[in-house]
Amino acid sequence: MPVAAMVRYVNAEWRGRAESPRIGSKESRRENTAYQSVNVHDVRPELARGEVGLDSAGFTLTTSRTACTNFHDEKLVKDVYLPEMCELIKQITGADAAYTYGHLVRTETPKDFNDGYARFVHCDYNVRRIVEMSHDVLRKHGAEPTDGKVYAWFNTWQPFDNPAVNNPLAFIDARSLPQEDLIDYYYTGRNRDSLVAAPVHNPDHRWCYFPEMSTEEVIVLKQMDQRPGRVIYCPHTSFDNPDAGKDAPPRRSIETRVVAVFEG
């Protein structure tokens, strides 16, 4: 049975406006988003039947037994975990190369708005910036961009310490997401002003999750893709799971953003 949940969407009043909302704090989130009731479906059975995937639905689930022993150690994460996720993305997408853009660790005790569990439906980026951002990441890693390459960005999401029961990650099946539901917004946290994308509410959006993820499971979400004929975005957010018992452990997770490079 689906889980009944409440998730925040960017207010539909922004659709069609010349300007875009700016969100980067609890106050601006409350001002520009509102709760909507959704049903979140367990998609483990569909994944097992081969009915969902990165290029059709925008998400998949895989496994990774990491060698990283402390996700609060920045150096260890960068030296051990991030290379693991680059290799993972290359394996599941067939990319010729992969580079990390960054990572976030989220726990029950966030330092600020940006470290807290995601509390409104969003994409991580905007595909209109994919070439510019991809070239910046390649140069940061010492790889000069060349002609004939195309790019796709992915988000990996993995629990640590505990299974993900409280505040799990939910995402929209991209097959239920019309292009006209997507609008621009600006993420302004940590003194940024970055153009991103987010959907407005549509009752036809199909919400999905993988319940009780183990610490060896990894969700991969499509974040933007310039290859033709493929899903571009997979909007997502966390949600309060009404099926989590009072004694369920807090959710602790690490997410990475990875740029995959393909021959054009």
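To be clear, the structure that these remarks concern was listed above.
The numbering scheme is per chain: residues are counted from 1 as the chain's sequence reads. This being a predicted model, a pLDDT of at least 70 is required before a residue's local features are given, and a value of 80 or more before pairs of side-chain atoms are given or counted; all residues contribute to the totals for chains, interfaces and linings. Side-chain measures here rest on the full set of heavy atoms in the structure, leaving out hydrogens and waters.

**Quick look at the packing of aromatic side chains**
- Stacked, tilted and edge-to-face are the three classes applied to pairs of Phe, Tyr and Trp rings, where Trp contributes its six-membered ring and a pair requires centres within 6.5 Å; stacked means planes under 30 degrees apart, edge-to-face means over 60, and tilted covers the rest. Scanning the model with the defined rule gives eleven aromatic pairs in all.
- Note on geometry: a ring has a charge over it if NZ (lysine) or CZ (arginine) is within 6 Å of the ring centre and within 35 degrees of the ring normal. Positioned above the aromatic ring of Trp14 is the side chain of Arg17, whose terminal nitrogen or guanidinium carbon lies 4.4 Å from the ring centre.
- Over the face of the ring belonging to Phe262 we find Arg227, whose NZ or CZ atom lies 4.0 Å from the ring centre.

**What to know about unusual backbone geometry**
- Phi is positive for Asn167, close to 50°, though the residue is something other than glycine.
- With respect to the element layout, Asn167 can be found in the loop between strand E6 (149-159) and strand E7 (169-172).
- With a 1.4 Å probe rolled over the protein chains alone, any residue whose accessible area is under 20% of its type maximum counts as buried; one over 50% counts as exposed, and the rest are partly exposed. For Asn167, a relative accessible area of 11% translates into the label buried.
- Phi is positive for Asn191, which is not a glycine, with a value near 60°.
- If you trace the backbone, Asn191 turns up in the loop between strand E8 (182-187) and strand E9 (194-199).
- Classification of Asn191 by relative accessible area gives exposed; the value is 81%. We count a stretch as a helix when DSSP gives it H or I for four or more residues in a row; a strand needs E for two or more, and each element gets its number in order from the N terminus.

**So, the sheet that holds strand E10 (residues 207-209)**
- When DSSP finds two or more bridges between a pair of strands, those strands are recorded as paired. Taken in spatial order, the five strands of this open sheet run E1-E3-E10-E7-E12, and their pairing is mixed. The sheet is open, and its two borders are formed by strand E1 (3-10) and strand E12 (236-238), each paired with just one other strand. Going across the sheet, the axis of each strand differs from the next one's by a mean of 40°, ignoring polarity. Every axis corresponds to a line fitted to the C-alpha atoms, with the helix fit spanning only the stretch in contact, and the corresponding angles, defined between N-to-C directions, vary from 0 to 180 degrees.

**Description of the environment of Gly148**
- Note on placement: Gly148 falls in the loop between helix H4 (130-140) and E6.
- Look at Gly148 and you get partly exposed, because its relative accessible area is 46%.
- Along the chain, Gly148 and Val105 lie 43 residues apart, while their C-alpha atoms are 34 Å from each other.
- Whether two residues touch is decided by their heavy atoms; if any such pair falls within 4.5 Å, the residues are in contact. Setting aside residues up to four positions removed in sequence, Gly148 forms contacts with Phe262, Glu263 and Gly264.

**Overview of the sheet that holds strand E2 (residues 22-23)**
- Across the sheet, which stays open at both edges, the three strands sit in the order E2-E8-E9 with mixed pairing between neighbours. Because the sheet does not close on itself, it has two edges, and the strands there are E2 and E9.
- Of the strand pairs in this sheet, E8 and E9 are connected by six bridges, and their pairing is antiparallel. Bridged to Tyr186 within E9 is Leu195.

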